[in-house]
Each structure stands twice: as structure tokens, then as C-alpha cells.
Amino acid sequence: MRFCSSLSTYPTARRVAMVLIASATLTACGGGSVGGGGGGSDAVSNTVQSLASGTIDGLGSIIVNGVRFDESTARIVDADSAMGSASTLGLGMVVDVVAGPIQTSASNMPTAIASEVRFRNEVQGPLTAIDGNMLKVLGQSVRIGPDTVFEDGRSATLQIGRVVEVYGLRDADEQIIATRIDIEDDID
């Protein structure tokens, strides 16, 4: 699982943003600790106890890194702080989650109540090249794989010139490994 202890794997700007989110939430809540787990009760129910970053692997609440986060009362925002809603979130999106303590449910699943879910794409722009499972978007290399989620399952609509929004994680070579691709300029 990737919690705040692995923030060092992110580019500096992303680490700073995550720390600022956690700091702002902690200040607003009156204190607390940031960590990857733990339980116990808090005097303030929305005190930050966990920070997670990863892809949404399940819905019905959101599942990120094997933890089910209840986002029903969370503030949902994009990377530019524009407000969204829980219906904005989809499988394969990359999110940062600020939440309360992680506890184990009766079904033995780690759960927490999210106070903020911030989603972000890696690149959005016109598709300029398609070569097998490799795409080019704004000069950036994007690799699609069998687990890449396509908006409405429409991978066949990938065409040169179409505007796509790519969610994913970067590998060691700074290549984007696509976890979700949304087609932004539907012409069907």
C-alpha cells in the first residue's frame, strides 16, 4: 500500500501538494496524526489519520490500495481545486485520499471515512500517434494495457486528433502507464 510513508516516490511538486492538503486538513480539524493505519477513537471524528494515493480499483465507496474509503461526505476536487462529486469518480482514476483512521470492517476489509478525495490526470490533449499499445499525447508516451479502463469501454474510438484525458502512473522512464482513458471530444 502507498500511504504517506512512500511520498518520496512522487515528484517533488506532488509530494508538496499532498503535504499541503494534509496540513490544511489537520489545521482545520485541530490536530491529529498522519499515518498509514491505526485505529482508536478521536475526539474529532474527521481528524486525519491516513493519506492514500493510487488508482480507484473498486466502486461502491472507492477502493484505493485495498482500502475501502467512504467518500459520501468527502470534498471531491480535481487537481485545480474545482469541485466535483462522487459521481465524477471512476475506475482507474488516480486519486489522493485524506481520511480518518483505517479500521477493519466485519468482513475483514480495511475501511476509512474520507474527508477529501483529489483526482488528477497525467495528461489531457489530442492523440498524435498510435503504435500498438503505445500512444502519444502532447509529446508524452502513454502505454495502454489489459487493465486500462476506457470510458464506456470504447477503446476502438481512439483516433488520431481526438482529445483524450489519461489517468495513470509514471514508470522509471517517465512513461505514463494508463489506468484510465476518457475520450473528451465525442463525435459519435
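Residues numbered from 1 in each chain as written. Predicted model: local features only at pLDDT ≥ 70, side-chain atom pairs only at ≥ 80, totals over all residues. Heavy atoms only, no water.

A. Representation of the environment of valine 67 within the structure. Structurally, valine 67 can be placed in strand E3 (residues 67–70). Each C-alpha atom of the pair valine 67 and isoleucine 102 lies 8.0 Å from the other, and the pair is 35 residues apart in sequence. (Helix = DSSP H or I, 4+ residues; strand = E, 2+ residues; numbered from the N terminus.)

B. Structural detail: the nonpolar core. Formed by 20 residues in total, the largest nonpolar core has its most connected members in Ile62, Phe69, Leu89, Val95, Val97 and Val117. Excluding its chain neighbours within four sequence positions, the residues that come into contact with valine 95 are Ala52, Ser53, Gly54, Ile56, Val64, Leu89, Val117, Arg118, Phe119 and Arg120. Membership of the second largest hydrophobic core comes to 14 residues, among which are Val123, Leu135, Leu158 and Ala178. (Core = buried A, V, L, I, M, F, W, Y, C linked by side-chain atoms within 4.5 Å. Buried < 20%, exposed > 50% of the residue type's maximum accessible area, 1.4 Å probe, protein only. Contact = heavy atoms within 4.5 Å.)

C. Examining the pairing of strand E1 (residues 50–58) more closely. A large share of E1 lies buried, amounting to eight of its nine residues. Pairing of E1 with strand E5 (residues 94–99), which is carried by six bridges, proceeds in the antiparallel orientation. Counted as the bridge partner of glycine 54 is valine 95 from E5. In terms of strand pairing, E1 meets strand E2 (residues 62–64) through two bridges, oriented antiparallel. Pairing of glycine 58 across the sheet is with isoleucine 63, part of E2. A loop of three residues connects E1 with E2, the two strands running antiparallel in sequence, and glycine 60 in this loop sits at a positive phi of about 90 degrees. (Pairing = 2+ DSSP bridges.)

D. Local environment of unusual backbone geometry. Even without glycine at this site, serine 61 takes up a positive phi of about 75 degrees. By secondary structure assignment, the location of serine 61 is in the loop between E1 and E2. Classification of serine 61 by relative accessible area gives partly exposed; the value is 21%. Phi at asparagine 108 takes a positive value of approximately 70 degrees, unusual for a residue other than glycine. Position of asparagine 108 among the secondary structure elements: in the loop between strand E6 (103–104) and strand E7 (110–120).

E. Region of interest: the pattern of salt bridges. Applying the stated rule across the entire model yields seven salt bridges. With a shortest N-O distance of 3.9 Å, glutamate 174 and arginine 170 are connected by a salt bridge. Take glutamate 174: its relative accessible area is 49%, and that puts it in the partly exposed class. Judged by its relative accessible area of 31%, arginine 170 is partly exposed. A salt bridge links arginine 180 to aspartate 182, with the nearest nitrogen and oxygen atoms 2.9 Å apart. Residues arginine 180 and aspartate 182 agree in their burial class; the two are buried. Among the charged side chains, a network of salt bridges with common partners joins Arg75, Glu116 and Arg118. (Salt bridge = Lys/Arg side-chain N within 4 Å of Asp/Glu carboxyl O.)

By themselves, these observations are geometric and do not establish any function.
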